[in-house]
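Each chain, written out:
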Amino acid sequence: MKLFSLIPVLAIGALLLWAGQDFPKWGDLASPASKSSVSSHFIAKTGVDTEVPNMVTAVLADYRGFDTMFETVVVFIAGTAVIAILRGSSIGRPRRKDHEVEAEPDLIVTNTVRLIVPVIQIFAFYVLAHGHVSPGGGFQGGVLMGASFILIALSWDLEKAMARFPIERCLFVAAMGIVLYGGIGLLSMLLGGEFLDYAELEKIFPVSRGMARYYAILGVEIGVGFTVASIMFVLYANLASEGRLKEGL
Amino acid sequence: MGLEIFNTFILLLLVVAAVTSLWVKDLLVSAVVFGVYSFLMCLLWAEMGAVDVAFTEATVGAGISTVVLVATVFHLRRKSND
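Residues numbered from 1 in each chain as written. Chains lettered and ligands numbered in written order. Predicted model: local features only at pLDDT ≥ 70, side-chain atom pairs only at ≥ 80, totals over all residues. Heavy atoms only, no water.

A. Main features of the overall build of chain B. Each helix and strand counted, chain B has three helices and zero strands in total. For chain B, the sequential pattern of α-helices and β-strands runs α-α-α. For the C-alpha atoms alone, the extent of chain B along its principal axes is close to 55 × 25 × 10 Å. Per-residue burial over chain B gives 30% buried out of 82 residues. In chain B, the share of contacts with a sequence separation of at least 24, taken over all contacts with a separation of at least 6, comes to 56%. Here chain B displays about 5,400 Å² of accessible surface, and carbon together with sulfur accounts for 74% of that area. The average position of the 4 basic charges and that of the 6 acidic charges among the side chains of chain B differ by 25 Å. (Helix = DSSP H or I, 4+ residues; strand = E, 2+ residues; numbered from the N terminus. Buried < 20%, exposed > 50% of the residue type's maximum accessible area, 1.4 Å probe, protein only. Contact = heavy atoms within 4.5 Å. Areas by Shrake-Rupley, 256 points an atom, 1.4 Å probe, with all protein chains shown as cover. Lys, Arg positive; Asp, Glu negative; His and termini not counted. Charge placed at Lys NZ, Arg CZ, Asp CG, Glu CD.)

Given below as structure tokens:
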């Protein structure tokens, strides 16, 4: 049976390798991606339109802001789906196996984590705020922030981390992130532009159109960061404790 | 020349990591090797100049996914009587 299933695997792999020959060479200036009018427009206009040096961030949060907003919604739905599936799934099962005993958190591990966690969190804020000029942005900063809480949960236990970031607050913060993103979009619509057309924000803030988009991109990145950070922690907390939200690993 | 050696080395390790994570019997080892795979992928993205993607791969792929997979593996039980 194993040999039998190897045949389609090899066939599909060979097909993929064969189709891969059609790809343009890496860094090829004549490739469709480099030649299209869309990419030359982005390369020429991003700095003028948004004042953002990092083109990836500008395309992600501004030109394709609608796309990124619903990506954030997808992350939120994933987190709520995990809660909905796992809550109550472990009723009736023993909490611990017989041979397992309660262990004290290790002194060296907890004290190292005590030193590391603030550094991770400051780095998360740096990545979030510096998404305009260097690689990073809402998703990466949010994941780093969520990871710092996961580290607390791993080195002590889940209760210690849940005391700082309870599940209700997680969901509230996650929803607030989407509200912040959509709110900035709605605000620019109310000011006479289109949904997520940040340039209209110049009417209420004393900045130029380009800088209005610059600051609005920072605003929506913070929204994305809120959602991603709390949902990452929700995912870990639920999966590590089978939805009990107690004790964890 | 140096970049080509680097690329070849990373790609070879990538194949080894991918096959290993499917091959090993222990799910925990599989999850950790999958994290290694993600990190190699991140190095490859960074080498190609896609630094934003590399950053996302490092945080989400090598970081959070591995933790979530390990957390899940710890709660799996085999249905057998031996």
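B. Region of interest: helix H5 (residues 65-86) of chain A. Residues and elements named next belong to chain A. In this model H5 runs 32 Å from its N-terminal to its C-terminal C-alpha over 22 residues, within 8% of the 32 Å that 1.5 Å per residue would give. Those residues of H5 lying buried are Gly65, Thr68, Met69, Thr72, Val73, Val75, Gly79, Val82, Ile83 and Leu86. Tucked into the core, H5 has its buried residues touching helix H4 (55-63), helix H7 (138-155), helix H9 (167-190) and helix H10 (209-240). (Expected span 1.5 Å × (residues − 1).)

C. Representation of the nonpolar core in the model. In this structure, Met162, Tyr181, Tyr198, Leu201, Val228, Phe233 and Tyr236 of chain A are the most contacted members of the largest nonpolar core, which totals 55 residues. Going through the elements one at a time, H4, H5, helix H6 (107-129), H7, helix H8 (158-164), H9 and H10 of chain A together with helix H3 (51-73) of chain B are the ones with two or more residues in this core. Take this core: its biggest share by element is 16 residues, from H10 of chain A. Grouped together as the second largest cluster of nonpolar side chains are seven residues, Ala17, Val33, Leu40 and Leu44 of chain B included. (Core = buried A, V, L, I, M, F, W, Y, C linked by side-chain atoms within 4.5 Å.)

So, to be careful, I would describe these as geometric facts and stop short of saying anything about function.
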